[in-house]
Amino acid sequence: MAAHTGVRGGARGTEREAEWAADAAEIRAALLRLRRATGLPVAFGGPLVGAGATRVRIGELSGTATAALDGLAVSAGNGLGGKAITLTRPCTVTDYRVARSISHEYDTPVAAEGLRSVLAVPVVVRRRVRAVLYGALRAPQPLGDRTLRAAVEAARDVEQTLVVRDEARALSAAGGEAARAGSWQEVRDTGAHLRGLADRLGDPALRAELLGVCARLAAADSGLPRDPQAPPLTPREVEVLMVVAEGATNAAVASRLGLRPETVKAYLRAAMRKLGARTRGEAVAVARRAGVVA
């Protein structure tokens with residue numbers, strides 16, 4: 001008989017799926033950086049998924065010639081990536097097909113892609129492997145220290161982003177609980193901490209997302225009526241508010257951002273609803289209080 005997970009179990013599953021999707025987006029960008037930094041022609045990887053997150057699902061591919069690796073699930077302990085998961089450290093082989101240091105459950109897809117020399121680097125956040133990045137050559141050549149260091153650096157970049165994202169998610173949840181409880185000083189402290197995290201981010205989209213959460217907390221603190229189910233401001237909504245804060249008309253905002261005036265109005269309406277503001281000026285004031293706009 002199947003176990004009944006209930007609403008709470010379903011919510012946890014949804015949260016995990018959202019986490020995997022966010023991790024995958026960061027992995028995609030990291031693979032491009034890995035290829036540029038190492039000169040390796042092929043890179044691929046994915047987040048750890050499943051109960052207990054013990055297998056990596058390869059879903060991000062860069063430079064591959066076939067779809068042989070797409071969707072491949074690599075279990076902890078198996079193959080090169082599985083070894084990296086188990087040991088929580090980078091692993092390499094000079095010739096995958098004959099390497100004695102790994103098991104060979106995945107030889108068929110690796111051979112179909114024509115890969116020989118391969119490295120696998122785990123992305124470790126708070127002692128938990130969250131993803132694995134791979135880089136590969138189609139010739140059995142040793143991968144030097146410089147290549148391995150560059151791959152490790154790409155993984156460290158992912159780790160730092162995920163640490164900040166996890167912390168931001170926890171702070172956002174704490175801020176929401178504090179707002180519901182009426183603990184406004186805690187709301188302000190949470191908003192300030194989130195703004196500090198946003199300043200550490202190089203990813204403009206993620207930074208705008210965090211600033212959007214700050215704006216929601218500020219709106220709650222302001223006492224203005226707002227939609228409690230409204231999502232955080234989107235990066236584009238933050239961008240529109242920034243230009244409006246400079247005194248620009250809707251037409252000027254549209255011209256500057258390459259949008260239609262009707263689209264600008266739609267972004268403003270969405271931002272006003274999320275912030276509980278009745279006018280453009282009120283929305284800008286709440287956003288300023290949150291540190292979203294100067």
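Residues numbered from 1 in each chain as written. Predicted model: local features only at pLDDT ≥ 70, side-chain atom pairs only at ≥ 80, totals over all residues. Heavy atoms only, no water.

Visitor: Just to check I follow, could you spell out the overall build of the chain for this structure?
Guide: Helices and strands together make up the secondary structure of the chain, namely 10 helices and seven strands. By sequence separation, contacts in the chain at least 24 residues apart represent 57% of the contacts at least 6 residues apart. Of the roughly 14400 Å² that the chain leaves accessible, carbon and sulfur atoms contribute 52%. (Helix = DSSP H or I, 4+ residues; strand = E, 2+ residues; numbered from the N terminus. Contact = heavy atoms within 4.5 Å. Areas by Shrake-Rupley, 256 points an atom, 1.4 Å probe, with all protein chains shown as cover.)

Visitor: How should I be thinking about unusual backbone geometry in this particular structure?
Guide: Among all residues except glycine, the phi angle is most often negative; among peptide bonds, the trans geometry is most common. Positive phi outside glycine occurs at T88, with the angle close to 50°. The residue T88 is located in the loop between helix 2 (79–87) and strand 5 (91–93) in this model. For T88, a relative accessible area of 42% translates into the label partly exposed. Within the chain, R127 stands out as a residue other than glycine whose phi angle is a positive 70°. Here R127 is to be found in the loop between strand 6 (117–125) and strand 7 (128–137). The exposed category is assigned to R127, whose relative accessible area is 82%. (Buried < 20%, exposed > 50% of the residue type's maximum accessible area, 1.4 Å probe, protein only.)

Visitor: Help me understand the nonpolar core, please; the structure alone is not making it clear to me.
Guide: The nonpolar side chains of soluble globular proteins are, as a tendency, buried together. Of all hydrophobic cores here, the largest spans 26 residues; its most connected members are F44, L80, Y96, L115, V118 and Y134. Of all elements in the fold, only strand 1 (42–49), helix 2, strand 5, strand 6 and strand 7 reach the threshold of two or more residues within this core. Examining the composition of this core, we find that four residues originate from one element, strand 7, more than from any other. Those residues in contact with L115 that sit more than four places away from it in its chain are V42, F44, L69, Y96, V110, A136, L137 and R138. Counting residues in hydrophobic clusters, the runner-up holds 22 residues, among them V240, V243, A248 and V253. (Core = buried A, V, L, I, M, F, W, Y, C linked by side-chain atoms within 4.5 Å.)

Visitor: Just checking my understanding: could you explain the packing of helix 8 (residues 250–257) against helix 9 (residues 261–275) for this structure?
Guide: Helix packing for two helices is described by the angle between their axes and how far apart those axes are. In the contact formed by helix 8 and helix 9, the axes pass within 8 Å of each other and the chain directions differ by 105°. In this view, helix 8 runs roughly perpendicular relative to helix 9, as classed from their interaxial angle. Here N250, V253 and A254 of helix 8 lie close against helix 9, whose contacting residues are P261, V264, K265 and L268. Taken together, the residues of the contact of helix 8 with helix 9 sort by class into five nonpolar, one polar and one charged. (Axes fitted to C-alpha atoms, helices over the stretch in contact; angles between N-to-C directions. Parallel < 35°, antiparallel > 145°, perpendicular 65-115°, else oblique. Nonpolar A, V, L, I, M, F, W, Y, C, P; charged D, E, K, R; others polar.)

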